[in-house]
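These are the residues of each chain, in order.
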Amino acid sequence: MRHPTERDRPGRARPGRDRRAAYDAPAFAPDAVTVGTRHLEVDGDWVATFAVVGFPREVYPGWLAPLLTYPGRLDVATVVEPIDPATAASRLKVQLARLESGRRRTAEHGRLTDPHVEAATEDASDLSSRVARGEGELFRVGLYLTVHAATEQALADEVAALRALTSSLLLDAKPTAYRSLPGWVTTLPMGLDLIGMRRTFDSAALSAAFPSPPPTCPHPTRPR
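Please read these numbers as outputs of a predicted model, since none were measured by experiment.

> Looking at this structure, I do not really get the overall build of the protein chain. What am I missing?
In terms of helices and strands, the protein chain carries seven helices and seven strands. Written out in order from the N terminus, the α and β elements of the protein chain read α-β-β-β-α-β-α-α-β-α-β-α-β-α. Residues classed as buried in the protein chain amount to 31% of the 224 residues present. For the protein chain, the exposed surface amounts to about 15100 Å²; the carbon and sulfur share of it is 55%.

> Looking at this structure, I do not really get the confidence of the model for the protein chain. What am I missing?
Interpretation of this model should avoid reading the predicted coordinates in detail wherever pLDDT is low. Across the protein chain, pLDDT averages 80, with 79% of residues at or above 70. Confidence drops under pLDDT 50 across residues 1-13; counting only partners more than four residues distant or on other chains, this segment forms five contacts. The low-confidence segment residues 217-224, where pLDDT is below 50, has one contact with residues more than four positions distant or belonging to other chains.

> Please clarify how the pairing of strand E5 (residues 138-149) should be interpreted in this entry.
Within a regular beta strand, the side chains point alternately toward one face of the sheet and then the other, so they alternate between its two faces. The element E5 is largely enclosed, with a buried count of eleven among its twelve residues. Bridge count between strand E3 (residues 45-54) and E5: six bridges; the pairing is antiparallel. The residue of E5 that forms the bridge with Ala 51 is Tyr 144. Inspection of the sheet shows strand E4 (residues 74-82) paired to E5 by nine bridges, in the antiparallel sense. Across the sheet, Pro 82 pairs through a bridge with Phe 139, a residue of E5. Here four bridges tie E5 to strand E7 (residues 199-202), and the two strands are oriented antiparallel to one another. Note on E7: the bridge partner recorded for Phe 139 is Phe 201.

> So what exactly am I meant to see when it comes to the packing of aromatic side chains here?
Aromatic ring pairs are described here by two measures, namely the spacing of the ring centres and the angle between the planes. On inspection of all chains with the given rule, the structure shows two aromatic pairs. Aromatic side chains Phe 55 and Trp 63 sit 6.3 Å apart centroid to centroid with 80 degrees between the ring planes, which places their arrangement in the edge-to-face category. Both residues of the pair, Phe 55 and Trp 63, count as buried. Ring geometry for Phe 55 and Phe 201: centres 5.0 Å apart, planes at 90 degrees, overall edge-to-face. Remark: Phe 201 occurs in strand E7 and Phe 55 occurs in the loop between E3 and helix H2 (65-68); sequence separation between them is 146 residues. The structure contains a cluster of three or more aromatic residues connected by ring pairs, namely Phe 55, Trp 63 and Phe 201.

Here is what the cut-offs are and how they apply
Residues numbered from 1 in each chain as written. Predicted model: local features only at pLDDT ≥ 70, side-chain atom pairs only at ≥ 80, totals over all residues. Heavy atoms only, no water. Helix = DSSP H or I, 4+ residues; strand = E, 2+ residues; numbered from the N terminus. Buried < 20%, exposed > 50% of the residue type's maximum accessible area, 1.4 Å probe, protein only. Areas by Shrake-Rupley, 256 points an atom, 1.4 Å probe, with all protein chains shown as cover. pLDDT = per-residue confidence, 0-100. Contact = heavy atoms within 4.5 Å. Pairing = 2+ DSSP bridges. Phe/Tyr/Trp six-rings, centres within 6.5 Å; stacked < 30°, edge-to-face > 60°.

And the structure:
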């Protein structure tokens, strides 16, 4: 008498059947993709992707909400990667030392101080102190935007409108030139970051990036 094997047991699919089921399962795959320098044409839909490389120094809660209320079709992808506290402290220490060295060299040569360097030094010092006290953590954050349009001319208009919006938010958005396909894939709900253009956020800035509740919703209260 032959003993039942894993293949014979009820409720278990055979490997061959699993492979066939995987092939037969519906998957997202466009029929045609035309790749351009700064845009794509996906099944007749024209798309352009931007990576945000510059952010304002100070932000307020829900400061990215205007992107979600954009009147056209806009895909917003935020990639968040936590940084180990020990690594964060080490990086901040190196950055602070480099900024301080630049300030001393500027003073020694009698040059005018750069306000951007002064602000960066103050921010790095404050952030280093808060991380050392355990009052905050650091994250690597990537922000990517894909705008859609029906025609090439309409896409140009949408790109101009998106650039105006990002400029009003003090965001520096750069097109993913020559990487239009990886940029578009990055904004799909697949959890992939094929561009890798990220900036360092602390806990406060990251939490403020998410849209705040509308004024009609009651705000949560702290338990007493």
